Structures are given as structure tokens and as C-alpha cells.
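Chains, contacts and geometry: an overview
So you can see what is in the structure, the chains are spelled out below.
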Amino acid sequence: MMRQSVHRIVLASGNPGKLREFSGLLGELHYEILPQSQFGTPEAEETGLTFVENAIIKARNASRHSGLPALADDSGLEVDALDGAPGIYSARYSGPGSNDRRNVDKLLAELGSVADPERTARFQCVLVFLHHPLDPTPLICQGTWEGRILREARGGGGFGYDPVFYVPTHCCSAAELRPQIKNILSHRGQALRQLLAVLGRSEAVCRGAAQ
Ligand code: ITT
């Protein structure tokens, strides 16, 4: 199947926090990024057991409904004292009707008796770019952000687990960082910068092949 031009891209996410961050990260580039909601895309069922599988499922779903190349993010928080939980289940950690507040409350309760040095954790982000729904060579990039889980929430920025994610390099929670600083440091920012570099190279190869 022919690859389409990558100028218009659908963003396969319904999470307003992610959408805000992506528009900050992608704002000045020549890509036109359209939210999947613009195409009436139903939410994909995240049945994978890895971030990669779930990101592919979401990208394929959005590309199929929009007819455009798609970018998807599957991300989550890994807490060492909880053997990597909530991991790929971060968005659904507190069960049916999960939301950021309930997820954070559950996390703090689970870590109640865990001492500070053992509260190590990291955010993971896998980004997948598909040129079309049946693209057999997805572009896949990953970012990791190391930190620690606080004992109570701090700060009003960001989303998800940001208020309880302590950033040792900046001595504050992720929710206390300015959005531009979070984008520089974060798992998502790291993964996106890699992806843009790969995408730029693959576009250059396609242009070269067409000449
Ligand atoms: P989409 O699938 O529609 O993109 P989602 O929220 O369901 O939205 P995920 O399945 O990838 O997305 O779950 C990611 C969860 O991990 C997210 O809901 C947060 O709870 C957490 N998370 C990921 N990145 C985060 C960040 O930068 N700051 C705080 N929490 C984050």
C-alpha cells in the first residue's frame, strides 16, 4: 500500500491532559495534528499486555476512522514497591469509573507504609506512528522519566499522577513544573523528540526515492 503524506496526522487520544501536552510539543512544527474526536472515533479497547501493543491498537483505530496517518501514546506509571503496577493499567487503576483523583488516592493508600527510599517509580511512554491502518512497519519510540512517589499531592498543573510524582532533578512534583519544563523532561517529550527525528529521516528517504 502507498504511504500517504504525513502533513495531516490524527492524534489517537481522548485524554485532555495528553492532548494539551502534544499541542505544546507539536505546536511549531509543520504537521497539522487533528484530535481523533474530530472524526467521531470511538475509543479502542486496550486489550494488549504491553504499552507497544496498546499504542498500536489505538493508532490503528484512529487511522481507520480518519483515513489519516496516526500518532498514539500509551503511557503509565511503574512503581517498584508495587512490582511495576499500575503500569499499563494506570488509567484504570481504581476500577470502573476511574479518574485521576481516585487513581492517586488508591496509589497513596497502597504505598501507605512504604518508606521514602523505596518509593521509586518511573513514567513510561510508548509512541506509535502508523502511515495507514495496515502499516506493517510502525514507527515506535519510547521515553522514561525517573522519580519517586510523594506522600501527598502537590501542585495544580499536569494531569494523572503528576501531583504525587516527585522529580528529584527539580525538587518538586511534576504538577509543580511549568508545562514547558515538563515537556523537556517528561517521558512523552523524550519519546516525541525521538519520533520526530525518525519521521523526518523516513520522509527524507521517501522524497529521495521519489526523485
Ligand atoms: P488515551 O488512551 O485516550 O490516550 P488514557 O488516559 O486511557 O488516554 P493510557 O491508557 O495511555 O491513556 O493511560 C495513561 C495513564 O497513565 C494516564 O491516564 C495517567 O493516569 C498516567 N500518565 C501517563 N502519562 C502521564 C503524565 O505525563 N503525567 C501523569 N500521569 C500520566
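Everything here concerns the structure above.
The notes below deal with the structure included here.

Conventions used here
- Residues numbered from 1 in each chain as written.
- Predicted model: local features only at pLDDT ≥ 70, side-chain atom pairs only at ≥ 80, totals over all residues.
- Heavy atoms only, no water.
- Near = heavy atom within 4 Å.
- Polar contact = N/O pair within 3.5 Å; in protein donor to acceptor, adjacent residues only side chain to side chain.
- Areas by Shrake-Rupley, 256 points an atom, 1.4 Å probe, with all protein chains shown as cover.
- Nonpolar A, V, L, I, M, F, W, Y, C, P; charged D, E, K, R; others polar.
- Salt bridge = Lys/Arg side-chain N within 4 Å of Asp/Glu carboxyl O.
- Helix = DSSP H or I, 4+ residues; strand = E, 2+ residues; numbered from the N terminus.
- Buried < 20%, exposed > 50% of the residue type's maximum accessible area, 1.4 Å probe, protein only.
- Lys, Arg positive; Asp, Glu negative; His and termini not counted.
- Contact = heavy atoms within 4.5 Å.
- Core = buried A, V, L, I, M, F, W, Y, C linked by side-chain atoms within 4.5 Å.

A separate point is the site of the ligand. Of all residues adjacent to the ligand, which total 20 residues, the nearest are Ser13, Gly14, Lys58, Asp162 and Lys182. Between an oxygen atom of the ligand and a side-chain N or O atom of Glu46, the distance comes to 3.1 Å. One nitrogen or oxygen atom from the side chain of Asp74 is found 3.1 Å from an oxygen atom belonging to the ligand. Compared with its free state, where it exposes 610 Å², the ligand has 93% of that area covered by protein. Here the residues of the shell around the ligand sort into four nonpolar, eight polar and eight charged.

This structure, assessed with the given rule, holds 14 salt bridges. For Asp73, the salt bridge is made with Lys18, and the minimal N-O distance between the two is 3.0 Å. Within this pair, whereas Asp73 is found in strand S3 (residues 70-79), its partner Lys18 is found in helix H1 (residues 16-26), the two being separated by 55 residues in sequence. The exposure classification of Asp73 matches that of Lys18, with both residues buried. Of the charged contacts, one joins Asp80 and Arg122 as a salt bridge, the two residues approaching to 2.9 Å between their closest N and O atoms. Of this pair, Asp80 sits in the loop between S3 and helix H3 (100-110) while Arg122 sits in strand S4 (residues 120-130); the two residues are 42 residues apart in sequence, bridging distant segments of the chain. Take Asp80: its relative accessible area is 35%, and that puts it in the partly exposed class. Its relative accessible area of 14% is what places Arg122 among the buried residues.

This paragraph deals with the side chain of Arg119. Here Arg119 is to be found in the loop between H3 and S4. No salt bridge is formed by the buried Arg119; the nearest opposite charge belongs to Asp116, separated by 4.4 Å. Among residues more than four places away in sequence, those in contact with Arg119 are Leu108, Leu111, Gly112, Val114, Gly147, Arg148, Ile149, Leu150 and Arg151.

The subject of this paragraph is the nonpolar core. If you look at the biggest cluster of nonpolar residues, it comprises 21 residues, and the most contacted ones within it are Leu77, Val79, Leu107, Trp145, Ile149, Tyr161 and Phe165. Only S3, H3, S4, strand S5 (139-149) and strand S6 (165-167) provide two or more residues apiece to this core. The greatest single-element share of this core, amounting to three residues, is contributed by H3. Apart from residues lying up to four places away in sequence, Ile149 is in contact with Leu77, Val79, Leu107, Leu108, Leu111, Arg119, Ala121, Val164 and Phe165. With 16 residues, the next largest nonpolar core counts Leu11, Leu25, Tyr31 and Leu192 among its residues.

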